[in-house]
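# Survey of secondary and tertiary structure
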Amino acid sequence: MYLFKLQKNFDIKIEKNWMLLKTNSGTKMGKFKDPFTLFTIKNDKLYILNKKRLNLNIIYGLKNLLNGLNKQFSVKLNIVGLGYKINLIDPKTLVLHLGYSHTIKYELPHGIIMKHPKERVSTYLLIGDEYNKLKQVALNLINLKKPEPYKGKGIRYFNQIIKLKEGKKSNN
């Protein structure tokens, strides 16, 4: 048996491997590999009874789905390199200058926005209510310019440490 706390004023519908949650703050839909067999709701708590054990992906997926209704998730990205920058046309459209001969225009998916805190020049904040989608967008941005191993230039997570390689040594 698995227990999840729910906020008040919610409507829940589970069919096979789909779960639909509706609240005042929005609607969330999650698809899971294993179908749910039995569930009950008592005192704002969701109990899931399954004949076989739920794997951790389903448990964490449900947890993220329920937490996304109550709060926003965020991921900090750091951009390192001379002339590397991200221009925010609006919170959904980005123009990236990453050292290439052209600029890259990137449209953020629905439900995810980017903010630029003024106190840190090279730090950007991705905000969204779906954790998996947020992490995927962060990975897509990082893959546009991965941190290179000699100088560390590129896009990375805020606290990510890049182990730098040593350059060529001269014979002098």
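In what follows, the accompanying structure is described. Computed from a prediction, not measured in an experiment: that's the story for all the values here. (Residues numbered from 1 in each chain as written. Predicted model: local features only at pLDDT ≥ 70, side-chain atom pairs only at ≥ 80, totals over all residues. Heavy atoms only, no water.)

### Side note on the overall build of the protein
Regarding its fold elements, the protein presents two helices and 13 strands. In the protein, which comprises 172 residues, the proportion classed as buried is 34%. Of the roughly 11700 Å² that the protein leaves accessible, carbon and sulfur atoms contribute 51%. (Helix = DSSP H or I, 4+ residues; strand = E, 2+ residues; numbered from the N terminus. Buried < 20%, exposed > 50% of the residue type's maximum accessible area, 1.4 Å probe, protein only. Areas by Shrake-Rupley, 256 points an atom, 1.4 Å probe, with all protein chains shown as cover.)

### A closer look at the packing of aromatic side chains
Applying the stated rule across the entire model yields one aromatic pair. Ring geometry for Phe73 against Tyr131: centres 5.3 Å apart, planes inclined by 65°, an arrangement best described as edge-to-face. Residue Phe73 is found in strand 7 (residues 73–80), and its partner Tyr131 is found in helix 2 (residues 131–144); the two are separated by 58 residues along the sequence. Phe73 gets classed as buried once you look at its relative accessible area, which sits at 11%. Residue placement shows Lys76 over the ring face of Phe158; its charged tip is 4.7 Å from the ring centre. (Phe/Tyr/Trp six-rings, centres within 6.5 Å; stacked < 30°, edge-to-face > 60°. Lys NZ or Arg CZ within 6 Å of the ring centre and 35° of its normal.)

### Details of the sheet that holds strand 11 (residues 112–115)
Spatially, the four strands line up as an open sheet ordered 11-12-7-13, and their pairing is antiparallel. The two strands at the open ends of the sheet, each matched to only one other strand, are strand 11 and strand 13 (154–157). Neighbour-to-neighbour, the strand axes of this sheet turn through a mean angle of 25°, independent of strand direction. Contacts from helix 2 reach strand 7, strand 11, strand 12 (123–128) and strand 13, with the element oriented near 5° to strand 7. (Pairing = 2+ DSSP bridges. Axes fitted to C-alpha atoms, helices over the stretch in contact; angles between N-to-C directions. Contact = heavy atoms within 4.5 Å.)

### A short note on the nonpolar core
Counting 22 residues, the largest nonpolar core has Leu77, Leu94, Leu96, Leu108, Met114, Leu126 and Leu141 as the members making the most contacts within it. Residue assignment for this core shows that the elements contributing at least two residues are strand 7, strand 9 (93–97), strand 10 (104–107), strand 11, strand 12 and helix 2. For this core, the leading source of residues is helix 2, giving five residues. In this structure, Leu108 is in contact with Pro91, Lys92, Leu94, Ile113, Met114, Leu126 and Val137, ignoring residues within four places of it in sequence. (Core = buried A, V, L, I, M, F, W, Y, C linked by side-chain atoms within 4.5 Å.)

### Considering the sheet that holds strand 9
If you trace the three strands from one edge of the open sheet to the other, you get 8-9-10, paired in antiparallel fashion. The outermost strands of the open sheet, each flanked by one partner alone, are strand 8 (85–90) and strand 10. The sheet shows a mean angle of 25° between the axes of neighbouring strands, direction not considered. The sheet contact formed by strand 8 and strand 9 spans five bridges and is antiparallel. Opposite Asp90, over in strand 9, you have Thr93 as the bridge partner. Strand contacts of helix 2: strand 9 and strand 10, with the helix running at about 175° to strand 10, the strand carrying the most contacts.

### What to know about the side chain of Thr93
Among the secondary structure elements, Thr93 is positioned in strand 9. Take Thr93: its relative accessible area is 7%, and that puts it in the buried class. Excluding its chain neighbours within four sequence positions, the residues that come into contact with Thr93 are Asn87, Leu88, Lys105, Tyr106 and Glu107.

### A closer look at the pattern of salt bridges
In this structure the tally under the stated criterion is one salt bridge. A salt bridge links Glu166 to Lys169; the shortest N-O distance between them is 3.1 Å. Neither Glu166 nor Lys169 differs from the other in exposure class; each is exposed. (Salt bridge = Lys/Arg side-chain N within 4 Å of Asp/Glu carboxyl O.)

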